[in-house]
Amino acid sequence: MLQKYNRLVIAFATAAVALGALAANDYATLSERADRAYRHSEWASASALYDLMLEQQPAATRVYGRSIVANALLSDSTAQINLLARAIDNHIPFDSIFASVERESFSNGHPEAYERFLTNCREAYPWMSRSIDGTLLKFYTFRRTGDQMIAYAQRMLDGAPSNVSFLRSLADGYMLTADYTRGIATYLHILSLDPDNYHALLTLGNWYALHTAPASASTSPASPSSSLASHSASPSENRANARLYLTRAYALRPTPYVARILRAL
């Protein structure tokens, strides 16, 4: 009797191992097929295959990332939100999912998928809006999208008006959109909060250095317009400002570039 029982235990154990191996093989096959479809931009097939993979391993962060990217490129906002909800239900932090989507979208040359996902999440989960606004601000700052940098920096500054990082994105956004009046004013505000802010010092120094020629002189196509009413100071005043800010920048971080500009002033 004992021998019969032992044989049954061994048989069940063997069957369990065999089923586990079969499942593993199935998952490996699914993974190979899904990744192949993903590499070839077959988004619908990739999405379907990743969904089958998540049924077997519902806590696979990378799979969520790729599946969300595929659905973003299919413009399926509902599927993206459902995937995020599914990930959260499986105890995956939402910022881990965001990081995975960012990594996957940039690596396959479709950063717009990450942008779509974030904007969809912002609408679906209002309680995440501030965290998502901060993430979108980083995205637009990296992409140098001036108008969106301004919009999202202002949103973030509503809750943290003295945050230098947000102010820098705002100032850079103004400069990118040729709103030099507000840009210069924002850099000056940054210096009132952080007098040794190298980026603000260097930007201001460079800007004033570009405006040391007489107003009637032709302006380089790459240079901002010299006719701005708020920056109608004389060339000598601009030269003095350039020296002031660049000298402070050089004291913080001496570089050949800054030294060369200072010698030319």
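The coordinates are above.
Residues numbered from 1 in each chain as written. Predicted model: local features only at pLDDT ≥ 70, side-chain atom pairs only at ≥ 80, totals over all residues. Heavy atoms only, no water.

Student: Lay out the packing of helix α6 (residues 111–124) against helix α7 (residues 129–143) in plain terms, naming residues and giving numbers.
Tutor: Where α6 meets α7, the closest approach of the two axes is 9 Å, and the angle between their N-to-C directions is 155°. It follows from the interaxial angle that α6 and α7 lie roughly antiparallel. The crossing of α6 and α7 is left-handed. When α6 is examined against α7, the residues Pro111, Tyr114, Glu115, Leu118, Thr119, Cys121 and Arg122 are found in contact with a partner set consisting of Ser129, Ile132, Asp133, Thr135, Leu136, Phe139, Tyr140 and Arg143. When the residues that make up the contact of α6 with α7 are grouped by side-chain class, the tally is eight nonpolar, three polar and four charged. (Axes fitted to C-alpha atoms, helices over the stretch in contact; angles between N-to-C directions. Helix = DSSP H or I, 4+ residues; strand = E, 2+ residues; numbered from the N terminus. Parallel < 35°, antiparallel > 145°, perpendicular 65-115°, else oblique. Left-handed = near helix turned anticlockwise from the far one by under 90°. Contact = heavy atoms within 4.5 Å. Nonpolar A, V, L, I, M, F, W, Y, C, P; charged D, E, K, R; others polar.)

Student: An account of the side chain of aspartate 133 is needed here, citing residue identities and associated values.
Tutor: Relative to the helices and strands, aspartate 133 is located in helix α7. When sequence neighbours within four positions are dropped, the list of residues in contact with aspartate 133 reads Arg122, Tyr152, Arg155 and Met156.

Student: Describe the packing of aromatic side chains, with residues and values.
Tutor: Per the stated rule, a full pass over the model turns up 15 aromatic pairs. For the pair phenylalanine 94 and tryptophan 127, a centre-to-centre distance of 6.0 Å together with 90° between the ring planes defines the contact as edge-to-face. One end of the pair, phenylalanine 94, is in helix α5 (residues 94–107); the other, tryptophan 127, is in the loop between α6 and α7, with 33 residues separating them in the sequence. Given the relative accessible area of 59%, tryptophan 127 is considered exposed. Ring plane angle 80° and centroid distance 5.5 Å describe the contact between phenylalanine 98 and phenylalanine 117, whose orientation is recorded as edge-to-face. Note that phenylalanine 98 is positioned in helix α5 and phenylalanine 117 in helix α6, a separation of 19 residues in sequence. Exposure remark for phenylalanine 98: the relative accessible area of 4% places this residue in the buried category. Taking relative accessible area as the criterion, phenylalanine 117 reaches 0% and is therefore assigned buried. An aromatic cluster is built from Phe106, Tyr114, Phe139, Tyr140, Phe142 and Tyr152, whose rings are joined through pairwise contacts. (Phe/Tyr/Trp six-rings, centres within 6.5 Å; stacked < 30°, edge-to-face > 60°. Buried < 20%, exposed > 50% of the residue type's maximum accessible area, 1.4 Å probe, protein only.)

Student: Outline the pattern of salt bridges, supporting the account with residue identities and numerical values.
Tutor: When the charged atoms of two side chains with opposite charge come close together, those side chains can pair. This model, assessed by the stated rule, comprises ten salt bridges. A salt bridge links arginine 66 to glutamate 104; its shortest N-O distance comes to 2.9 Å. Residue arginine 66 is found in helix α3 (residues 61–73), and its partner glutamate 104 is found in helix α5; the two are separated by 38 residues along the sequence. With relative accessibility at 14%, the residue arginine 66 sits in the buried group. With a relative accessible area of 7%, glutamate 104 lands in the buried category. For arginine 122, the salt bridge goes to aspartate 133, with nearest N and O atoms at 2.4 Å. With arginine 122 in helix α6 and aspartate 133 in helix α7, this pair connects stretches of sequence that are eleven residues apart. (Salt bridge = Lys/Arg side-chain N within 4 Å of Asp/Glu carboxyl O.)

Student: Account for helix α12 (residues 235–252), with residues named and values stated.
Tutor: For α12, built from 18 residues, the straight-helix expectation of 26 Å at 1.5 Å per residue is met to within 8% by its first-to-last C-alpha distance of 26 Å. Those residues of α12 that fall on the buried side of the exposure criterion are Asn238, Ala242, Tyr245, Leu246 and Ala249. Down the axis of α12, the smallest arc covering the buried residues is 95°, so these residues share one side. Check the buried side of α12 and you find it contacts α10 (180–193), α11 (198–209) and α13 (256–264). (Expected span 1.5 Å × (residues − 1). Arc of directions from axis to C-beta.)

These figures capture arrangement, not role.
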